[in-house]
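# Coordinate analysis (summary)
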Amino acid sequence: MKLSVQEEPFFPDGKIGHFSNQNQETGAIVTFLGKVRSDLENPLEYMLIEHYPGMTEKVIEKIMAEAVKRWNLIDCLVIHRYGKLTPGEDIVLVATSSKHRREAFEAADYLMDFLKSRAPFWKKEVTQSGESWVESKEIDEVALDRWK
Amino acid sequence: MKLSVQEEPFFPDGKIGHFSNQNQETGAIVTFLGKVRSDLENPLEYMLIEHYPGMTEKVIEKIMAEAVKRWNLIDCLVIHRYGKLTPGEDIVLVATSSKHRREAFEAADYLMDFLKSRAPFWKKEVTQSGESWVESKEIDEVALDRWK
Amino acid sequence: MTVRVLYFSWLRERIGVPSESIETEAVRVNDLLDELRKKGERYKLAFTQTSSLCVAIDQELGDMDSDITGAEEIAFFPPMTGG
Amino acid sequence: MTVRVLYFSWLRERIGVPSESIETEAVRVNDLLDELRKKGERYKLAFTQTSSLCVAIDQELGDMDSDITGAEEIAFFPPMTGG
């Protein structure tokens, strides 16, 4: 289990490979990569991600431990960036490994749902027309109900 | 959209990166990597994957086109090997990209379910105690019902 | 008509060949199966149980009732186990 | 007691500081909020609407009724938008 909350860019390539070579019981590896998007109508200049140092790590470690236990994962990885990010940059990488595919899929999905709504990160978008804090979505809160 | 049915090994590292740099509208990339597992009790020597050249490509292309349409994917990739594979080797890589995470997750999940039960591949496992064809699982057939 | 018949996985092993040309007047897959069973013990054994037998007609999945008139390639195989 | 109070996102911007030390006798989060509102217009405005306000007590999520007795660090922030 590995967590990194970092300002500097990470390189998703190599992360799967690392996971890949860990354990002969691993049959399934799922990764999720979240990136900074830009809209054609209102192009994004950059995004600022603020977080709560200390609490961020604690919350994510708890979410990861819960996922490992619930889906009997062989391993899991979370990398989440903060600071200034431009369109096309990677924000978050989640990877899960398990014996069979269902577990790895569900656990990655679960980790993303909780990272979205329970880890203390806040995104601000800066465009030519101004800056605004990203609002939380009802849909993200509803997504959490799937895991009850 | 890219499909490769191949005997030679592939290298999952680099595949995410490739996907990653395609399109500024991409917000989510999900990958699934399936690997040859070995059981501690009855260690696998190797696996033989047979397929139906021609039909395999046709079926997978159809499944991919269906996924792209249904989830409005930005891109998708399938690599599936056949031939002799030893424990730890990669069998299949699926990658999907979309604006938001739900679509990429569901499409990857869908692609794997259909690859498991609708693409003409057959696996034979060879262990010290003999060889046997992998039997299809009821659970894989049930999984398909999720997408109706 | 002449069709190319293909066998995969344990069906291929039981029958002993990966494919063969068959002269047939069968209209449905089931008719072709009946003809194949008459070719000998190996065929009879391979096609004893057809509840989980899969068939593809010209590389499209079908079933035992599918019409094979004009088909060029019929493949028989057990349920697929890819991924 | 003295608690460290932290603000994030637009709460931080509206209040104008990321954190401060507050001398308080508040028992619940709501009591602390009432005290903060009295500190001035910026606080009052920031805490007008508390229906979607989030709070963490010593880095654990709580709610407006949570007991803060003995807490060292109280953080206020809008709903999280990570991932």
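Presented here is a report on the structure given in the accompanying data block. Just so it is clear, the structure is predicted and the values come from calculations on it, not from any experiment.

### Focus on the sheet that holds strand β7 (residues 121-127) of chain A
Two strands in a sheet stick together by hydrogen bonds in their backbones, pointing the same way (parallel) or opposite ways (antiparallel). All names here are of chain A. The strand order across the open sheet built from four strands is β5-β3-β7-β8, with neighbouring strands paired in antiparallel fashion. Of all strands in the sheet, those with a lone pairing partner are β5 (83-85) and β8 (130-133), marking the two edges. Each strand of the sheet is rotated relative to its neighbour by a mean of 20 degrees, with strand direction disregarded. Inspection of the sheet shows β7 paired to β8 by four bridges, in the antiparallel sense. For V126, the partnering residue across the bridge sits in β8 and is E131.

### With respect to the arrangement of the chains
With three pairs of chains in contact, the largest contact count belongs to chains A and B. At the C-alpha level, the nearest point of chain A lies 10 Å from chain C, with no contact between them.

### Regarding the interface of chain B and chain A
By a frequent convention, interface size equals the accessible area lost on bringing the separate parts together. Counting residues at the interface gives 39 residues for chain B and 39 residues for chain A. Summed over both partners, the interface of chain B with chain A comes to about 3300 Å²; 48% of that surface belongs to carbon and sulfur atoms. Of all residues in chain B, B:R37, B:R101 and B:F105 give up the largest surface area on contact with chain A, accounting jointly for 21% of the area buried on that side. Taken together, the links from chain B to chain A amount to eight salt bridges. At the junction of chain B and chain A, the tally comes to 15 residue pairs in polar contact (both at pLDDT 80 or more). Of the residues that constitute the side of chain B that touches chain A, the class distribution is 14 nonpolar, 10 polar and 15 charged.

Here is what the cut-offs are and how they apply
- Residues numbered from 1 in each chain as written.
- Chains lettered and ligands numbered in written order.
- Predicted model: local features only at pLDDT ≥ 70, side-chain atom pairs only at ≥ 80, totals over all residues.
- Heavy atoms only, no water.
- Pairing = 2+ DSSP bridges.
- Helix = DSSP H or I, 4+ residues; strand = E, 2+ residues; numbered from the N terminus.
- Axes fitted to C-alpha atoms, helices over the stretch in contact; angles between N-to-C directions.
- Contact = heavy atoms within 4.5 Å.
- Buried area = accessible area lost by both parts, 1.4 Å probe.
- Salt bridge = Lys/Arg side-chain N within 4 Å of Asp/Glu carboxyl O.
- Polar contact = N/O pair within 3.5 Å; in protein donor to acceptor, adjacent residues only side chain to side chain.
- Nonpolar A, V, L, I, M, F, W, Y, C, P; charged D, E, K, R; others polar.

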